[in-house]
Amino acid sequence: MSEENAQEDAVATKKNHSKYRRDKPWDNEEIDHWKVESWKAGEDQLPGGHLLEESSFATLFPKYRETYLRQVWPVVTRQLDSRGIACELNLVEGSMTVRTTKKTSDPFIILKARDLLKLLSRSIPVAQAVKILEDDWQCDIVKIGGLVANKERFVKRRQRLLGPDGSTLKALELLTGCYVLVQGNTVSIMGNSWKGLKQARRVVLDCMKNIHPVYHLKRLMIQKELEKDPKLKDQDWSRFLPSFPKKKNVPRKKVAVKEKKPYTPFPPAQQPSKVDLQLESGEYFINNSTNPRKRKIAAQMEEEKRTARQQEKSKEKRQAKLEMEHTPPQKAEGKKKEPASETPVQERIKEKFKNKRVSGRSDVSDFVQSQSKKAKQSH
């Protein structure tokens with residue numbers, strides 16, 4: 001009996017919260033709790049009729065956007081005035097400012113106006129940027145400038161996000177239902193669903209982490225087809241989605257780690273020089289060519305011989321030059337003319353005269369010898 005009573009008491013002590021809970025008006029499956037209700041200017045009003053304090057936001061814009069903003073600023077002013085927001089374009093400081101006025105009835109419109117200025121400063125056309133003033137449009141600006149340290153690698157990955165002729169970016173816009181613009185170090189995303197903004201942001205960040213956008217686009221295409229089938233609404237889609245395992249990195253060369261020597265406050269011992277090693281081995285005294293002192297003496301002697309030869313040559317040159325200056329210039333001796341060739345007639349005449357000359361000399365010599373003989377006989 002005691003056990004039964006204890007069980008009854010335990011059941012009685014348990015509180016049934018659902019027993020006393022009344023049904024609430026929003027406990028209805030037909031109501032979409034994620035839907036953002038638009039502000040109706042005539043029906044919805046603030047307590048007191050207007051805002052108590054003035055709120056303002058300012059945004060800087062780059063120099064190259066100044067000309068475009070001056071052209072489209074009347075369009076921006078008309079759009080903001082219709083919602084009770086005042087705007088100002090300061091070309092001296094390079095800034096745009098929005099602030100609430102007494103006519104402002106929607107308290108959230110000032111944040112929408114702030115997003116409008118951010119989008120205009122990031123090179124989004126005014127026709128696309130003014131859509132952010134509607135309640136069902138949201139925007140997200142992803143900063144990608146500090147995600148990659150190397151400048152060249154950053155440019156390549158940013159170009160990978162665009163794709164050839166912007167094809168990858170266009171496919172991303174079609175699958176997510178968002179407007180995406182890559183400008184400088186930021187990526188501006190506009191869309192009418194938070195889901196699309198989240199998907200687009202994930203693709204951009206993974207692209208900067210060296211994950212190609214094509215992998216995400218394949219998954220998004222399959223998910224879009226699976227959403228059309230109501231039977232697969234409550235099922236797990238992991239068996240349909242492709243899995244792309246990470247590629248194993250190429251093994252790097254192992255760097256030999258030098259072992260650290262124990263620290264000593266004293267400097268290392270001085271290493272022996274080349275001369276010390278030669279003295280230790282005895283080579284210094286055997287080989288004269290390695291003796292630095294003898295080599296120095298031999299080099300000095302060679303230098304002295306070279307200078308003596310040079311001086312002697314210069315002395316001979318100077319002496320020859322002096323002789324050339326003191327000797328008178330000699331006349332150039334003319335060349336002896338070679339005798340002309342004699343004709344046969346001239347040779348016969350020459351031989352005739354030669355014979356006469358020889359015969360005349362022989363007659364005289366005979367006459368002298370005869371006279372000398374006669375003189376000797378007379379005595």
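In what follows, the accompanying structure is described. Note that this is a predicted model, so its numbers are computed, not measured.

1. Observations concerning the packing of helix α7 (residues 167-176) against helix α9 (residues 213-227)
Running from N to C, α7 and α9 point in directions that differ by 30 degrees, and their axes come no closer than 10 Å. Classed by the angle they form, the pair α7 and α9 counts as roughly parallel. Considering the relative orientation of α7 and α9, their crossing is left-handed. Seen from α7, the contacting residues are Thr-168, Ala-171, Leu-172, Leu-174, Leu-175 and Thr-176; seen from α9, they are Pro-213, Leu-217, Leu-220, Met-221 and Lys-224. Here the contact of α7 with α9 is composed, by residue class, of eight nonpolar, two polar and one charged.

2. Regarding the packing of helix α8 (residues 194-208) against α9
Put simply, α8 and α9 touch, their axes get as near as 9 Å, and they point 155 degrees apart. Regarding the angle of α8 to α9, the classification is roughly antiparallel. In the crossing of α8 with α9, the sense of the turn from one axis to the other is right-handed. Facing Lys-195, Gln-199, Arg-202, Val-203, Asp-206 and Cys-207 of α8, the residues of α9 in contact are Pro-213, His-216, Leu-220, Gln-223 and Glu-227. Grouping the amino acids of the contact of α8 with α9 by side-chain chemistry returns four nonpolar, three polar and four charged.

3. Some points on the sheet that holds strand β2 (residues 85-90)
What holds strands together in a sheet is hydrogen bonding between their backbones, with the strands either parallel or antiparallel. Here we have three strands laid out as an open sheet, ordered β1-β3-β2, and antiparallel in their pairing. Edge positions in the open sheet fall to β1 (56-60) and β2, since each of these has one partner strand only. Taking the axes of each pair of neighbouring strands and ignoring which way they run, one obtains an average angle of 15 degrees across the sheet. Two strands pair when backbone bridges link them, and β2 and strand β3 (residues 95-100) are joined in this way by six bridges, in the antiparallel orientation. Across the sheet, Glu-88 pairs through a bridge with Thr-97, a residue of β3. Helix α3 (residues 66-81) contacts β2 and β3 of the sheet and is inclined by roughly 165 degrees relative to β2. Along the sheet face, helix α4 (residues 109-121) touches β1, β2 and β3 and points at about 170 degrees away from the line of β3.

Thresholds, definitions, all that
Residues numbered from 1 in each chain as written. Predicted model: local features only at pLDDT ≥ 70, side-chain atom pairs only at ≥ 80, totals over all residues. Heavy atoms only, no water. Axes fitted to C-alpha atoms, helices over the stretch in contact; angles between N-to-C directions. Helix = DSSP H or I, 4+ residues; strand = E, 2+ residues; numbered from the N terminus. Parallel < 35°, antiparallel > 145°, perpendicular 65-115°, else oblique. Left-handed = near helix turned anticlockwise from the far one by under 90°. Contact = heavy atoms within 4.5 Å. Nonpolar A, V, L, I, M, F, W, Y, C, P; charged D, E, K, R; others polar. Pairing = 2+ DSSP bridges.

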